[in-house]
Amino acid sequence: MFQIRKGYDSESKTFRLPVELIEKLNILATQNKLSLNQLVIQCLNYAVDNLKPDAEYQTMSDKSGN
């Protein structure tokens, strides 16, 4: 049976972003024929994957004291 896949599990979240940033992201998404959502996911993945070692954050278990 044919089944459409999303490619990844997702969850809806709401974020407040500066208007100027949204405008830049919309332009980039349009220029690259991507949805704004796809572009934001790519940007966030890149940012997380390329954190400087001294800027890494504690894991959730570290924060909770476990």
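Residues numbered from 1 in each chain as written. Predicted model: local features only at pLDDT ≥ 70, side-chain atom pairs only at ≥ 80, totals over all residues. Heavy atoms only, no water.

Engineer: I'd like a description of a nonpolar patch on the surface, backed by residues and values.
Structural biologist: A surface patch of nonpolar side chains, about 430 Å² in accessible area, is lined by Phe-15, Leu-17, Leu-21, Ile-22 and Leu-36. Examined against the element boundaries, Phe-15 turns out to sit in the segment before helix 1 (19-31). Residue class for Phe-15 comes out exposed when judged on its relative accessible area of 64%. (Patch = residues over 30% accessible without salt bridge, like charges linked within 9 Å, V, L, I, M, F, W, Y side chains within 5 Å. Areas by Shrake-Rupley, 256 points an atom, 1.4 Å probe, with all protein chains shown as cover. Salt bridge = Lys/Arg side-chain N within 4 Å of Asp/Glu carboxyl O. Helix = DSSP H or I, 4+ residues; strand = E, 2+ residues; numbered from the N terminus. Buried < 20%, exposed > 50% of the residue type's maximum accessible area, 1.4 Å probe, protein only.)

Engineer: So what about the pattern of salt bridges? Which residues, and what values?
Structural biologist: Evaluation of the coordinates by the stated rule reveals one salt bridge. Here Lys-13 makes a salt bridge to Glu-11, at a shortest N to O gap of 3.2 Å. Glu-11 carries the same exposure label as Lys-13, and that label is exposed.

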